[in-house]
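Here's the letter readout for the chains.
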Amino acid sequence: MKRIKVGIIGQGRSGRNIHRHLFENYAPLQERFDVVAVADPIPERRANSNAKANPECRHYADYKELLKDKDVELIINCSRSHKHIDISVEAMEAGYNVICEKPLARKVSDVDRVLEVHKRTGKFFAVFQQARFRPLFNKICEVIKSGDLGRIAMVKVCYHSFGRRWDWQTIQKLNGGELLNTAPHPLDQMVALWEIFGDTDPERVFAKLANYNNYGDAEDYVKVVLEGKDHPVIDLEVIKQCLYPFKMYQVYGSNGSLVADGNTVEWKYFKPEEAGSHEVQINTLEDDKRLPAFCGEKLDFYTQKWESPEDISSFDDWGVRYYCDIYEALVNGKPLTVKLSQVRRQIAIIEQCHQQNPLPVSVDIPEGIM
């Protein structure tokens, strides 16, 4: 099996603790990829910490030096969020295939810039959206497509927690905030789910962004509602002020509903062919004694439950599945599961949310960091 030689730019929480961790600890990726170079200005982060790491892995203090390493075939861009576009463009221009961490960008114009370079250079390009490979989410899509729940009225997704932050991901100029930090995971899923009902852009996007607990100037409260013809309402909340969270996924349909969280999906529904039908009544309803009555019927509900096996429900598992998908695309030419058109649609939604909620910029960034 061909092994793709990987260079990782950035050895922070993403580059070191997610990507490098996955490549060095999971057999399916060890068979397919080899981390031969990493770049980070901090020596302690560049150093190998795993006995399974390639002992000949080259370490660069400056990512520009890594981009001169012609032994590398695939660049993983784990720079800080505000550098994602520039470094991805630079890497493709230098002749490398590229995977970029999320968020790809803050504006659609930046997405179009990187897509133009991708097309012009012919280099492979993808965005790391591993939550698409969560078995729980894919089971939800399967149930929706089955028709058990009938016509889908709404899908609600809740990323609820409580916490305060003061790191760089609370700063607008560094592309911080929950909309660009946490929300790309559920937004990617919601775009994929939205397209089940038709490959169109939402006709209406409502958003509320606010900062309640962050010490920076970016939002820690995100509410997004998507609407469109022949589509269910998509309702997303990513909030850091909730100590009593709801189920992460909720689906409401004409025949029943679904809830999902952790590694469990449960849904309840009735079968219309068993329930019969009714004709609308113009006159007031009454019982057999002609006393006022209220609409009521007994429906037989069916309940089903699905639990993902423990070995496929972890955060790491989604990443392994993502990179196996990438390998098939790079080596065997199979279509990507996370399409670039879907990433672009996600960023278009994010841009509209920011346009509706311009928060005051109050944190200045030293020139060297930008």
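Calculation rules
Residues numbered from 1 in each chain as written. Predicted model: local features only at pLDDT ≥ 70, side-chain atom pairs only at ≥ 80, totals over all residues. Heavy atoms only, no water. 1 Å grid on protein atoms, 1.4 Å probe; cavity = no way out; pocket = protein on both sides within 12 Å on 5 of 7 lines; lining within 4 Å. Points joined across faces, edges and corners; volume = space filled by probe spheres on them. Helix = DSSP H or I, 4+ residues; strand = E, 2+ residues; numbered from the N terminus. Nonpolar A, V, L, I, M, F, W, Y, C, P; charged D, E, K, R; others polar. Axes fitted to C-alpha atoms, helices over the stretch in contact; angles between N-to-C directions. Parallel < 35°, antiparallel > 145°, perpendicular 65-115°, else oblique. Contact = heavy atoms within 4.5 Å. Buried < 20%, exposed > 50% of the residue type's maximum accessible area, 1.4 Å probe, protein only. Pairing = 2+ DSSP bridges. Right-handed = clockwise from strand over helix to strand, strands pointing away. Phe/Tyr/Trp six-rings, centres within 6.5 Å; stacked < 30°, edge-to-face > 60°. Lys NZ or Arg CZ within 6 Å of the ring centre and 35° of its normal. Polar contact = N/O pair within 3.5 Å; in protein donor to acceptor, adjacent residues only side chain to side chain.

A. Focus on the layout of surface pockets. In this structure, the largest pocket occupies an estimated 1100 Å³ of space. Lining the largest pocket are 44 residues; nearest its centre among them are Gly12, Cys78, Ser79, Arg80 and Trp168. With three residues, the single largest contributor to the lining of the largest pocket is helix 5 (residues 84-93). For the lining of the largest pocket, the residue count by class is 18 nonpolar, 15 polar and eleven charged.

B. Quick peek at the packing of helix 5 against helix 6 (residues 108-121). With their axes 10 Å apart at the nearest point, helix 5 and helix 6 run at an angle of 10° to one another. Considering the angle they form, helix 5 stands roughly parallel to helix 6. Together, Ile85, Asp86, Ser88, Val89, Met92 and Glu93 of helix 5 and Asp110, Val111, Arg113, Val114, Val117, His118, Arg120 and Thr121 of helix 6 make up the contact between the two elements. Classifying every residue of the contact of helix 5 with helix 6 by side-chain character gives six nonpolar, three polar and five charged.

C. Expanded view of the pairing of strand 10 (residues 233-239). Burial within strand 10 is extensive, with six of its seven residues counted as buried. Pairing between strand 7 (residues 152-160) and strand 10: seven bridges, direction parallel. Among the inter-strand pairings, Cys158 is bridged to a residue of strand 10, identified as Glu237. Where strand 9 (residues 221-227) meets strand 10, six bridges bridge the pair, whose relative direction is antiparallel. In the sheet register, Lys223 faces strand 10, and the bridge partner there is Glu237. Linkage of strand 9 to strand 10, two consecutive antiparallel strands, is achieved through a turn of five residues, within which Asp230 is found at a positive phi near 65°.

D. A look at the pairing of strand 4 (residues 74-77). Neither face of strand 4 is open: one carries Leu74 and Ile76, the other Ile75 and Asn77, and all of them are buried. Handedness of the crossover joining strand 4 and strand 5 (residues 97-101) through helix 5: right-handed.

E. Here's a closer look at the packing of aromatic side chains. Within the structure shown, the criterion is met by 13 aromatic pairs. On the numbers, 6.1 Å between centres and 90° between planes, the contact of Trp166 with Tyr215 is edge-to-face. Of the two residues, Trp166 is situated in the loop between strand 7 and helix 8 (178-181) and Tyr215 in the loop between strand 8 (204-210) and strand 9; the sequence distance between them amounts to 49 residues. Neither Trp166 nor Tyr215 differs from the other in exposure class; each is exposed. Put simply, the rings of Phe23, Phe33, Phe128, Phe133, Tyr322, Tyr323 and Tyr327 touch in pairs and so form one group of aromatic residues. Taking the ring centre of Tyr302 as reference, the NZ or CZ of Lys271 above it sits at 4.3 Å.

F. A look at the environment of Gln169. Locating Gln169 in the fold gives a position in the loop between strand 7 and helix 8. For Gln169, a relative accessible area of 11% translates into the label buried. Along the chain, Gln169 and Gln130 lie 39 residues apart, while their C-alpha atoms are 20 Å from each other. Contacts of Gln169, omitting those with residues within four sequence positions, involve Arg13, Ser81, Gly176, Gly177 and Asn181. Here the side chain of Gln169 touches Arg165 through a polar contact of 3.0 Å, side chain to side chain.

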